[in-house]
Amino acid sequence: MSKILVIDPEKCTGCRLCEQVCSVKHERVVNPYRARIKVVKWEMEGKILPVVCQQCEDAPCAAACPVHAIARNPETGALEVNYDLCIGCRTCVNVCPFGAMGFDWVTERVIKCDLCGGDPQCARFCETGAILYVDKSELSSIKQRKGADSLMELMTKVSAAVAGTG
Amino acid sequence: MALSKKIAYIDLTNRRVRTAPIPLEMRNLYLGGRGLDMYLLYNHVKPGADPLGPDNVALVSAGLLTGTLASASARVHVAGKSPLTGFVGSANMGGFFGPEMRMAGFDHLVITGKADGPVYLWLHDGEIEIRDASHLWGHDAQQTQVMVRKELGDDDIQVMTIGVAGENLVRFACVMTSLKNAAGRTGMGALWGSKNLKAIAARGRMDIKIAFPEEALEYNKEIITQVTSAKVSKTMQKLGTLFIWGTTNSTGLVRTRNFQSNQIPYADDIEPESIEEEMIGTAGCFGCQVHCRGRYFIKKGPYTGAYVEGPEYTSLGAFGAEVGCTTKQTVLVGNHLVNMYGLDTLETGSMISWAMELFEKGIITTKDTDGLELRFGNDEAVIEAVHQIAQRRGIGDILAEGPLKAAEKIGGDAIKYLIHVKGMSNLHSDERPTPALALNIATASRGADHLRSRPAIDLYHLPEKVLRKIFGNPVPYDGPLTSDYRDYEGKPWEVIWQEMCYGTVDCLGICKYHTVFLGPNMPNFTEWPKLIYLNTGLEFTSRDLWDIADRAYTLERLFNLREGLTREMDWLPDRYFDEKTDRGLPVVRGKSIDREKFKKMIEEYYKLHEWDEKGRPTKKKLKALGLENEPSHKL
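Residues numbered from 1 in each chain as written. Chains lettered and ligands numbered in written order. Predicted model: local features only at pLDDT ≥ 70, side-chain atom pairs only at ≥ 80, totals over all residues.

### Details of the overall build of chain B
When its secondary structure is counted, chain B shows 24 helices and 18 strands. Relative to the 2.2 N^0.38 estimate, which gives 26 Å for 635 residues, the radius of gyration of chain B is 23 Å and therefore close to what a compact globule would have. Once the C-alpha set of chain B is aligned to its principal axes, its extents read approximately 60 × 60 × 45 Å. Each of the 635 residues in chain B was classed as buried or not, and the buried ones make up 62%. Within chain B, counting contacts between residues at least 6 apart in sequence, those at least 24 apart form 70% of the total. (Helix = DSSP H or I, 4+ residues; strand = E, 2+ residues; numbered from the N terminus. Rg over C-alpha atoms; globule rule 2.2 N^0.38 Å. Buried ≥ 20, exposed ≤ 12 C-beta atoms within 10 Å, placed from the backbone. Contact = placed C-beta atoms within 7 Å.)

### Quick word on the overall build of chain A
Scanning chain A for helices and strands turns up 5 helices and 9 strands. Of the regular secondary structure in chain A, the N- to C-terminal order runs β-α-β-β-β-α-β-β-α-β-β-α-β-α. Taking the principal axes of the C-alpha coordinates as reference, chain A spans close to 70 × 35 × 25 Å. Every one of the 166 residues in chain A was classed for burial, and the buried ones make up 36%. Residue pairs in contact within chain A that sit at least 24 positions apart in sequence constitute 56% of those at least 6 positions apart.

### Here we look at the domain arrangement of chain B
All names here are of chain B. With domains assigned, chain B is organised as domain 1 (2-203), domain 2 (233-425) and domain 3 (435-625). The gap between the C-alpha centroids of domain 1 and domain 2 is 26 Å. Counting from both sides, the interface comprises 34 residues of domain 1 and, opposite them, 30 residues of domain 2. If you list the elements that add at least two residues to the side of domain 1 that touches domain 2, you get helix H4 (141-152) and helix H5 (164-167). (Domains from an automatic or database assignment.)

### Some points on the interface of chain A and chain B
Chain A puts 20 residues into the contact, and the matching count from chain B is 27 residues. For the side of chain A that touches chain B, the secondary-structure elements that each account for two or more residues are helix H1 (17-27) and strand S2 (29-30) of chain A. Counting residues per element, the side of chain A that touches chain B draws most heavily on H1(A), which supplies 5 residues. Sheet topology note: the S2(A)/strand S13 (residues 208-209) of chain B ladder contains 2 bridges and is antiparallel. Each bridged residue has a counterpart across the sheet, and for A:Val30 the counterpart in S13(B) is B:Ile208. (Pairing = 2+ DSSP bridges.)

### Describing the confidence of the model for chain B
Taken over all residues, the pLDDT of chain B has a mean of 97, while the share at 70 or more is 100%. ipTM for the predicted complex: 0.96, alongside a pTM of 0.97. (pLDDT = per-residue confidence, 0-100.)

### A closer look at the sheet that holds strand S5 (residues 88-93) of chain B
Residue and element names in this part refer to chain B. Reading across the sheet, the 6 strands line up as S2-S1-S6-S3-S4-S5 and stay open at both edges, with mixed pairing between neighbours. Where the open sheet ends on each side, the last strands, each with one partner, are strand S2 (16-21) and S5. On average, each strand axis in the sheet is inclined to that of its neighbour by 15°, with strand direction left out of account. Here strand S3 (residues 58-62) runs beside strand S4 (residues 76-81); their pairing, made up of 4 bridges, is antiparallel. Bridge pairing in S4 links alanine 62 to valine 76. (Axes fitted to C-alpha atoms, helices over the stretch in contact; angles between N-to-C directions.)

### Concerning helix H18 (residues 464-471) of chain B
Residue and element names in this part refer to chain B. Inspection of H18 places Leu467, Ile470 and Phe471 among the buried residues, and these make up the whole buried set. Along the axis of H18, the buried positions cluster into a sector of 80°, meaning they face one direction only. Packing partners of the buried residues in H18 comprise helix H19 (491-508). (Arc of directions from axis to C-beta.)

### A closer look at unusual backbone geometry
With an omega of 5°, the peptide bond between B:Asn473 and B:Pro474 qualifies as cis. Here B:Pro474 is to be found in the loop between H18 and H19. B:Glu630 connects to B:Pro631 through a cis peptide bond whose omega is 0°. For B:Pro631, the location among the structural elements is in the segment after helix H24 (619-625). A positive phi angle is found at A:Leu115, which is not glycine, with a value near 55°. With respect to the helices and strands, A:Leu115 occurs in the loop between strand S8 (109-111) and helix H4 (121-125). Residue classification places A:Leu115 among the buried positions, given that 26 C-beta atoms sit within 10 Å. A positive phi is found at B:Asn196, a non-glycine position, where the angle reads about 60°. Its place among the elements puts B:Asn196 in the loop between helix H6 (188-194) and strand S12 (197-203).

### Topic: the nonpolar core
Judged by nonpolar contacts, the single largest core of 246 residues is most densely connected at A:Cys18, B:Leu59, B:Tyr120, B:Leu123, B:Ala201, B:Leu343 and B:Ala355. Here this core gets 10 residues from one element, more than from any other, and that element is H19(B). Other than its neighbours up to four places away in sequence, B:Leu59 contacts B:Asp37, B:Leu40, B:Leu41, B:Val78, B:Ala79, B:Gly80, B:Leu109 and B:Val110. (Core = buried A, V, L, I, M, F, W, Y, C linked by C-beta atoms within 7 Å.)

### Quick notes on the sheet that holds strand S11 (residues 181-183) of chain B
Residues and elements named next belong to chain B. Pairing is mixed across the open sheet formed by 6 strands, whose spatial order is S8-S7-S12-S9-S10-S11. Each having just a single partner strand, strand S8 (127-132) and S11 make up the two edges of the open sheet. Neighbour-to-neighbour, the strand axes of this sheet turn through a mean angle of 20°, independent of strand direction. Across 6 bridges, strand S7 (residues 119-124) lies against S8 in antiparallel orientation. Looking at S8, one finds that histidine 124 is bridged to glutamate 127.

### Observations concerning helix H8 (residues 231-239) of chain B
All names here are of chain B. Taken residue by residue, H8 has Ser233, Met236 and Leu239 as its buried positions. Seen from one end, H8 has its buried residues packed into an arc of 145°, which puts them on one side. The inward-facing, buried residues of H8 contact helix H7 (213-228), helix H9 (243-251) and helix H10 (272-276). Backbone geometry just downstream of H8 places glycine 240 in the positive-phi region, at approximately 65°.

### Thoughts on the environment of B:Asn535
Residue placement: B:Asn535 occurs in helix H20 (residues 528-536). Note on B:Asn535: 29 C-beta atoms within 10 Å, which makes it buried.

### A closer look at the packing of helix H11 (residues 313-321) of chain B against helix H12 (residues 328-341) of chain B
Residues and elements named next belong to chain B. Packing of H11 against H12 brings their axes to within 9 Å, and their N-to-C directions diverge by 120°. Taken together, the axes of H11 and H12 are oblique relative to one another. Seen along the crossing, H11 lies across H12 with a hand that is right-handed. Within the contact between the two elements, H11 uses Ser315, Leu316, Ala318, Phe319 and Gly320 and H12 uses Thr330, Val331, Gly334 and Asn335. Counted by class, the contact of H11 with H12 contains 4 nonpolar, 5 polar and no charged residues. (Parallel < 35°, antiparallel > 145°, perpendicular 65-115°, else oblique. Left-handed = near helix turned anticlockwise from the far one by under 90°. Nonpolar A, V, L, I, M, F, W, Y, C, P; charged D, E, K, R; others polar.)

Here it is as structure tokens:
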């Protein structure tokens, strides 16, 4: 069994606490630009999307790494960088389709989410439920329920409208 | 450390920038934020300086804990001599600018002189550029932020800006960041406008170091749990500050039609739950789990499609109760307009409602308003008046001068109908049934002000034992304390305790909703020493923090006295004593403030502060706080 981070942008309030605690956990400082997660905002349009590593099953970062420095941690399921092997070429940063692979200019290392070794601080601190840390087997159910919720809301509105006209 | 950030002196006249470290001694005396700003205000503004002249100083500061692992530490403080009152100008706001400014390398900005044309400041990675802002002048607060980000090519940039109201020197113009965060009160936007300072942009990649990262992370979690487990926070997460309305209006603590009643009936459309129907969610400031800012799109009228944040409780008064309007569309649009123009929503609503009462009484007529029917409940007139104030057109040009100057221009009995203290208008709250809250607005250093010292929990009928626990720490107090909010006894101490409580969070850069304001179980002097230690490594006792807040508050008093404050100004408008409340629950109906009892309250308040009978801090008090040699020009 392994767990993954599930993002629900609709629940995100854009507070960036996840960035803050991530940077403290990994770099011991507050610096959102050195965090492994980023809350991307289109502020004036009211749109928000937290971006973090998806721990892809067939991960471009690992596939593209010329020295095979990115491998899955069997305990947490996280793709992790082995810095003994990493040559710092940043190919992984370039190929990640989500922009979730980063480069820390202070340590001069590529950085990515390692699920904090199994206790991801972003999910722990996010009280709105915008970032959940759940077992992979739960993912479908969570999304089904969310999809059904919005469909049911719509159907209820339609029924009410129909009843109103009758 | 978080303490490595610098102070920058920016001379706009000569376009020179100088930076310096902030000595630890000054941290120990004032922490940062409002505390250090008050030191800078007292030291850098010459006595009698014209608030809109080049001798005034525009101050911007981060709190000691801004951006650290102290929950809700998003605040940035803005200060100067107030163009509205001529006394202390001071306001703070959340959002994301404060933390970003620190990551750009700066904790305090001291902006002097006047630029020869519009400029904005660009703070990034330890450097400050003074840039041309001619192309930004005339743009609203939202558009300015978009333009700055585009020009500098970075969407992560945070911008503080004035809108058109600040450019037009509306004396209650504010400074804005993001969609709705406003350093709202005392006219700091006009001060910026007078300096040709349109905006400050910041982007930083510099660390905010945390003294004990693991422990600070865990303690942050504890504090967040303490805050968000409180019912008041859960309610605010859903409704924002609008929730307060549910209690205050039904009780009868809301000033209506300027000051003619204390409750607005048949106002279902502006109930929080009704406005919630418009909400698509809520937004949080940096690192905050209370996320009290509403988010909505305007669905009708000329602003259809606009994305807006808010409205706050205050705007319910400004565009609802005070002006006698009961449609949420007016509240939502009014909120949008003040955010765009950069106007203090509270002062705007108060000025309009005052003008409406003058119109009703015939003191002004359509001849004075160019035909504008300033009748209570006239939604269109309210919205039009907002435009006129910001653009200084018609009657708006007079109202833009703020209460006292506008009353002088209109003349006659106009001044009698002002609901102000020291030249600043009151919130849409009616304090006649609540002497503690009345004392708060009468004595606050900014003027009629609910955020300097309001003991809001006085309204909760808490058992005396609980009151003693809260108000007896860190300075022991064995005088009277009563659970009845209609009492006069014991309230002066509550006001002073709140002054120190709010003063401390303002120095730290923490939001007031994370302390004893609306919730009695919130963090206060008990939690702060540990919070400061884990984040910065600095050691303070609870009592040290009280003294620091007292030092800042006393400096505000000294500043005001120097600028002409007298004890007569620590007082309420006559209507508080002469007119009785006519609505609400039986316990608040038929209430007015008793002059004699209120005078005794003021005397008691001075005594507890160790101020003399004229409201001047005694030599002994100044010595105890180390203020006997101010101004000392250490920074």
